[in-house]
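Here is how the chains run, residue by residue.
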Amino acid sequence: MSGTIRVPGDKSISHRSLILASLADGESRIRGILDSEDVRATAEALRSLGAAIPSLATEMGVKGAGLRGLRPPRQALDCRNSGTTTRLLAGVVAANPFSARFEGDASLSKRPMKRVAEPLTYMGAQFDFEHGDGLPMTVRGADLRSIDWDTQASSAQVKSAILLAGLVAGVEVRVTEKSPSRDHTERMLSAMGADVEIDGNQICLRPVRRLAPIEMNVPADPSSAAFFVALASLAGEGELTLTDVLLNPTRTGFLEAMTRMGAHVDKAASASSGGEEIGTLRARPSRLRSTRITAAEVPALIDELPLLACVAAGAGVELEITGAAELRVKESDRINAVVQNLRAVGADAEELPDGLRVRASRRELAGKIDPRGDHRIAMAFGILSAASGNHITVTNPECVAVSYPRFWEDLRRVTA
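Values in this document were obtained by computation on a predicted structure and should not be read as measured data.

Visitor: Describe in detail the sheet that holds strand β14 (residues 264-273), supporting the description with residues and values.
Guide: Pairing is mixed in the open sheet, where four strands are placed in the order β1-β13-β15-β14. Looking along the sheet, the strands with just one partner apiece sit at the ends: β1 (2-5) and β14. The mean inter-strand angle of the sheet, taken between neighbouring strand axes irrespective of direction, is 15°. When strand β13 (residues 239-246) meets strand β15 (residues 276-284), the two strands line up antiparallel, connected through five bridges. Residue pairing for β15: threonine 241 is matched across the bridge by arginine 282.

Below, the structure written as structure tokens:
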């Protein structure tokens, strides 16, 4: 394999760019936004709330409505498969004087929303669930009060929902996490003039009268770049260069884990945008070794854990992951999906209550896997197939459109 790739824009920053630009006073400019199913869900939901969101484009302007400028939706907000859309916009709606019904596809409807409903209910909003604590749900906004909330975990979506609710309501909010989760919301808020104070694992947002518009160059998604770092590390020869990659320290856990396993990855910062550091990665073949991932590391590489399991299987080394029960409530039960699919292609893997274990094995890996509609499972096994030279068939490969629509095209190009 060889070549240079600029993977699509970061999904987390793309969501937040649209939401915060809609709440700003004035026109924001967004370049390099990720045009994927999840981000389209956020764009359409914001349009339903009265935001002036144009069609997603390489460069686009968003005229903000101000902190209190959104209006009641005439129809339910269809969040498709996007948990980020649901949870972040729940925070926005909770602080407005209207209600909104949130809907999603079958997978999203099973994902828990109580974690975001609890703090927003404490602030004064009302949540109505039609069954369990999943979608459909109706959020009834109100005049919210201040909150000092301990998440008891590390969830960027819960933290962001609280920050957005406080921002729109004009009240002080304080969030304490078990360990730092991805911090794109607070970085972007600071870049737009908000009063954000960070002290260790605690974030405080104080009231502001307006949010300034932003010039945002969305960097390449490190979770998407990770697939090609894995490919290069498992390959027999060559080198891959990945440009404009987001180097936020809350998102580089995969690179740190791979380096510990012996991967050769060079990282060089080159620019910044919206409070985020951007740079270039160069990865080449490596002889990998076994490792363990514990709970403290999980927040910084939660999305890359399925890929890491496939890397271990492809390299024939041992991997143990614990403290990652959150994987069971992602787009699929990723613990079960990864283990069952690894077994289906001949790898030695087992489920743990809060993680998984891959045992060292030199078996030939081949067979058919079912990603269960989960984009990250599909891409992880696509990399395992390409890097091992074995025949692994991924059913429903088009599910990668959620985050990386041209993944298979890029994979073919660098392995041609």
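Visitor: Account for the sheet that holds strand β6 (residues 126-129), naming residues and giving values.
Guide: Taking strand neighbours across the sheet as the criterion, the four strands line up as β4-β5-β7-β6 in an open arrangement whose pairing is mixed. Since the sheet does not close on itself, it has two edges, and those belong to β4 (77-78) and β6, each with one partner. The sheet contact formed by β4 and strand β5 (residues 99-103) spans two bridges and is parallel. Bridge pairing in β5 places leucine 77 opposite phenylalanine 102.

Visitor: Tell me about helix α2 (residues 37-48), and please be specific about residues and values.
Guide: Relative to the 16 Å expected for twelve residues at 1.5 Å per residue, α2 spans 17 Å between its end C-alpha atoms, a close match to the ideal helical length. Within the span of α2, buried status applies to Asp38, Val39, Ala41, Thr42, Ala43, Ala45, Leu46 and Ser48. Elements that come into contact with the buried residues of α2 comprise α1 (11-23), β4 and α3 (83-94). Glycine 50 lies just past α2 and shows a positive phi near 95°.

Visitor: With reference to specific residues and values, describe helix α7 (residues 184-191).
Guide: If you check which residues of α7 are buried, you get His184, Thr185, Glu186, Met188 and Leu189. Remark: glycine 193 follows α7 within two positions and exhibits a positive phi of approximately 95°.

Visitor: Talk me through the side chain of aspartate 303; I want residue IDs and the actual numbers.
Guide: Its place among the elements puts aspartate 303 in the loop between β16 (291-293) and α10 (305-315). By relative accessible area, aspartate 303 is classed as buried at 11%. Residue contacts for aspartate 303: discarding those within four places in its chain leaves Arg182, Ser223, Lys330, Arg334 and Arg376.

About the cut-offs
Residues numbered from 1 in each chain as written. Predicted model: local features only at pLDDT ≥ 70, side-chain atom pairs only at ≥ 80, totals over all residues. Heavy atoms only, no water. Pairing = 2+ DSSP bridges. Helix = DSSP H or I, 4+ residues; strand = E, 2+ residues; numbered from the N terminus. Axes fitted to C-alpha atoms, helices over the stretch in contact; angles between N-to-C directions. Expected span 1.5 Å × (residues − 1). Buried < 20%, exposed > 50% of the residue type's maximum accessible area, 1.4 Å probe, protein only. Contact = heavy atoms within 4.5 Å.

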